[in-house]
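A structural walkthrough
One letter stands for each residue in the lines below.
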Amino acid sequence: MRLLLIAILSVILFFPLYWALHPFFGPNWGAGISAFMMYIGFPALFLLKWGKRSSHPFIKACNYVLATIVLALLGWVFYGVLFNNAPLPNSIALAGVYGYLAFYFLKNGYMPYQAEELEKEVNEQQNT
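Read on for an overview of the structure. Quick caveat: nothing in here was measured; it's all calculated off a predicted structure. Sequence order sets the numbering: in each chain, residues are counted from 1 along the sequence as written. Totals for whole chains, interfaces and linings use all residues, but because this is a predicted model, local features are given only for residues with pLDDT of at least 70 and pairs of side-chain atoms are given and counted only at 80 or more. Hydrogens and water molecules were not included; the side-chain quantities draw on all heavy atoms of the structure.

The patches reported here contain residues having more than 30% relative accessible area and no salt bridge. Joining distances are 9 Å for like charges and 5 Å for nonpolar side chains (Val, Leu, Ile, Met, Phe, Trp, Tyr). Surface exposure here means Shrake-Rupley accessible area, sampled with a 1.4 Å probe, where a residue is shielded only by the protein chains that are shown. In the sections that follow, a salt bridge refers to a side-chain nitrogen of Lys or Arg positioned within 4 Å of a carboxyl oxygen of Asp or Glu. Residues V65, I69, L73, W76, Y79, L82 and F83 make up a contiguous nonpolar surface patch of roughly 820 Å² in combined accessible area. A helix here means a DSSP run of H or I that spans at least four residues, while a strand means a run of E at least two residues long, and both kinds are numbered starting from the N terminus. Within the fold, I69 resides in helix α2 (residues 57-83).

Bringing the nonpolar core into the picture now. By size, the foremost hydrophobic cluster in this structure holds nine residues: M1, L66, A67, V70, L74, A95, A102, F105 and M111. Mapped onto this core, the elements with two or more residues apiece are α2 and α3 (88-108). Take this core: its biggest share by element is four residues, from α2. Leaving out residues up to four positions away in the same chain, V70 has contacts with M1, L4, Y98 and A102. Take the buried residues of types Ala, Val, Leu, Ile, Met, Phe, Trp, Tyr and Cys, join any two whose side-chain atoms come within 4.5 Å, and each joined set is a nonpolar core. Note on exposure labels: buried denotes an accessible area under 20% of the residue type's maximum, exposed denotes more than 50%, and partly exposed covers the range between, all computed with a 1.4 Å probe on protein chains only. By definition in these notes, contact holds between two residues if any of their heavy atoms fall within 4.5 Å.

Between the first and last residue of a helix there are one fewer steps than residues, each counted as 1.5 Å, and that sum is the expected span. For helix α1 (residues 2-47), which comprises 46 residues, the first-to-last C-alpha distance of 9 Å sits more than 12% below the rise-based estimate of 68 Å (1.5 Å per residue). A residue's bend is simply the angle between two axes: one fitted to the seven residues ending at it, one to the seven starting at it. The principal kink in α1, of about 130 degrees, is found at F25, preceding the proline P27 by one to four residues. Buried residues of α1: I6, S10, F14, L21, G30, S34, M38, G41, F42, P43 and F46, and no others.

Before going further, it helps to examine the packing of α1 against α2. Axis definition: a line fitted to C-alpha atoms, limited for helices to the stretch in contact. Angles are taken between N-to-C directions and run from 0 to 180 degrees. Interhelical geometry of α1 versus α2 gives an angle of 85 degrees and a closest axis separation of 10 Å. Here α1 lies roughly perpendicular to α2, going by the angle between them. Contacts between α1 and α2 involve R2, L4, L5 and I8 on the former and, on the latter, C62, N63, L66 and V70. Grouping the constituent residues of the contact of α1 with α2 by class yields six nonpolar, one polar and one charged. Note that the term roughly parallel is reserved for angles under 35 degrees, roughly antiparallel for angles over 145, roughly perpendicular for angles of 65 to 115, and oblique for everything else. Under the convention adopted here, Pro, Cys and the residues Ala, Val, Leu, Ile, Met, Phe, Trp and Tyr are nonpolar, Asp, Glu, Lys and Arg are charged, and Gly plus all remaining residues are polar.

What follows covers the environment of A20. For A20, the location among the structural elements is in helix α1. In sequence terms A20 and S34 are 14 residues apart; their C-alpha atoms lie 9.6 Å from each other.

Further remarks concern α2. Residues that lie three or four places apart on an α-helix share one face, since the helix turns once every 3.6 residues. Taking 1.5 Å of rise per residue, the 27 residues of α2 would be expected to cover 39 Å, and the 39 Å separating its terminal C-alpha atoms lies within 8% of that figure. Those residues of α2 lying buried are N63, L66, A67, V70, L74, G80 and V81. Immediately downstream of α2, the backbone of N85 shows phi near 60 degrees, a positive value.

Here you go:
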């Protein structure tokens, strides 16, 4: 969920950055710098490990909201399959990947790749 949140946030931050840079660098350079930040700069900044950032309550709350949005979008996709003749194979693959991860996160409070991180944090807290 963290990677999906980073991708969405990077795209959203493209527009304010473009609007801020447009008067100073012009439309072409402003768009170029903003696109570079969207694809490389913002994800690199957001992927840095800043202490115990991933276990912060605000990040967890954002992840819960994101998981709920993913499940709502999957419901919309299935509605399209049932009533609007949307392609079924694509919907099954989408639900298989994102649906599983969203349900896993809502059930456990963490993603499968975060299990080792959480075990280390619990061991550190028990040792102190």
